[in-house]
Amino acid sequence: MIDRLLDSGLLGEDMVLVDLGAGDGYLSRAVAPKVDTVIAVDISGAMISELRKKAAREGLKNIQTVVSDGCDVPLGDGSVDIVCANMFLHHIEEPVTAVREMSRILRPGGKVFLADLTEHGNRELMEAMHDLWPGFSRKEIIRWFEKSGFRIEQFDTLARKSSGRKSGTKKDAGVFIMVAEKQ
Ligand SMILES: C[S@@+](CC[C@H](N)C(=O)[O-])C[C@H]1O[C@@H](n2cnc3c(N)ncnc32)[C@H](O)[C@@H]1O
């Protein structure tokens, strides 16, 4: 996923990039050397502390952190160039509110890079990961983004990700990557 983002041609050294649901900064720390500023947003103060520790250890100085709900981010309208969200959306009760917020903070022509789970129907995996959504269909993701003013540029499904458990007949989750442009 990170390689896909780094090779995508989406990143520029003058850009402000927001990482929604940044966690310990897996994505933020990887992209920081490629952009001007990363704004890492997470609802968990503990995750943001972890991110700050890891970023400091790696000598990364251009990551700003914000403890906030990703559906209501303290950033101005049209203020950022790119929004990334890796494995964030399936933790959100109403994903469409997060999609609208991405649209609000992005400048026209700005991009979303979204990676999340395809529909998997594996309740065991959902419970183990505290997920609110059992992945998403391509159709619903595209509908939400188009309704929020995006043009879909790319939607790819990647190899399945194992839950790490013996799941018998249950399906493990696949991952999709979507790139969309704010109109
Ligand atoms: C599965 S982790 C993904 C972390 C990171 N993006 C990565 O790729 O490693 C999901 C993250 O979303 C955060 N999160 C959940 N609900 C959120 C919300 N409403 N607003 C912001 N962050 C949220 C969690 O605290 C957690 O750090």
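Notes on the structure in this doc start here. (Residues numbered from 1 in each chain as written. Predicted model: local features only at pLDDT ≥ 70, side-chain atom pairs only at ≥ 80, totals over all residues. Heavy atoms only, no water.)

## Some thoughts on the pairing of strand 7 (residues 173-182)
Thought 1: Here strand 7 lies mainly inside the structure; ten of its ten residues are buried.
Thought 2: Of the two faces of strand 7, the one carrying Ala173, Val175, Ile177, Val179 and Glu181 and the one carrying Gly174, Phe176, Met178, Ala180 and Lys182 are both buried.
Thought 3: Relative to strand 7, strand 5 (residues 106-117) is paired through seven bridges, and the arrangement is antiparallel. Paired with Leu117 across the two strands is Val175, which belongs to strand 7. (Buried < 20%, exposed > 50% of the residue type's maximum accessible area, 1.4 Å probe, protein only. Helix = DSSP H or I, 4+ residues; strand = E, 2+ residues; numbered from the N terminus. Pairing = 2+ DSSP bridges.)

## Digging into the site of the ligand
Thought 1: Surveying the vicinity of the ligand reveals 16 residues, the closest of which are Gly21, Asp42, Asp69, Gly70 and Asn86.
Thought 2: Between Asn86 and the ligand, the recorded distance is 2.6 Å, taken from a side-chain N or O atom to an oxygen atom.
Thought 3: A total of 600 Å² of accessible area belongs to the ligand in isolation, and the protein chains cover 78% of it.
Thought 4: The residue makeup of the shell around the ligand, split by class, is seven nonpolar, seven polar and two charged. (Near = heavy atom within 4 Å. Polar contact = N/O pair within 3.5 Å; in protein donor to acceptor, adjacent residues only side chain to side chain. Areas by Shrake-Rupley, 256 points an atom, 1.4 Å probe, with all protein chains shown as cover. Nonpolar A, V, L, I, M, F, W, Y, C, P; charged D, E, K, R; others polar.)

## As for the packing of aromatic side chains
Thought 1: Summed over the entire model, instances satisfying the criterion amount to five aromatic pairs.
Thought 2: Ring geometry for Phe155 against Phe176: centres 4.9 Å apart, planes inclined by 10°, an arrangement best described as stacked. Placement of Phe155 in strand 6 (residues 150-161) and of Phe176 in strand 7 is noted, with a sequence separation of 21 residues between them. Here the two residues Phe155 and Phe176 agree in accessibility, since each one is buried.
Thought 3: An aromatic cluster of at least three residues, connected via ring pairs, comprises Trp133, Phe136 and Trp144. (Phe/Tyr/Trp six-rings, centres within 6.5 Å; stacked < 30°, edge-to-face > 60°.)

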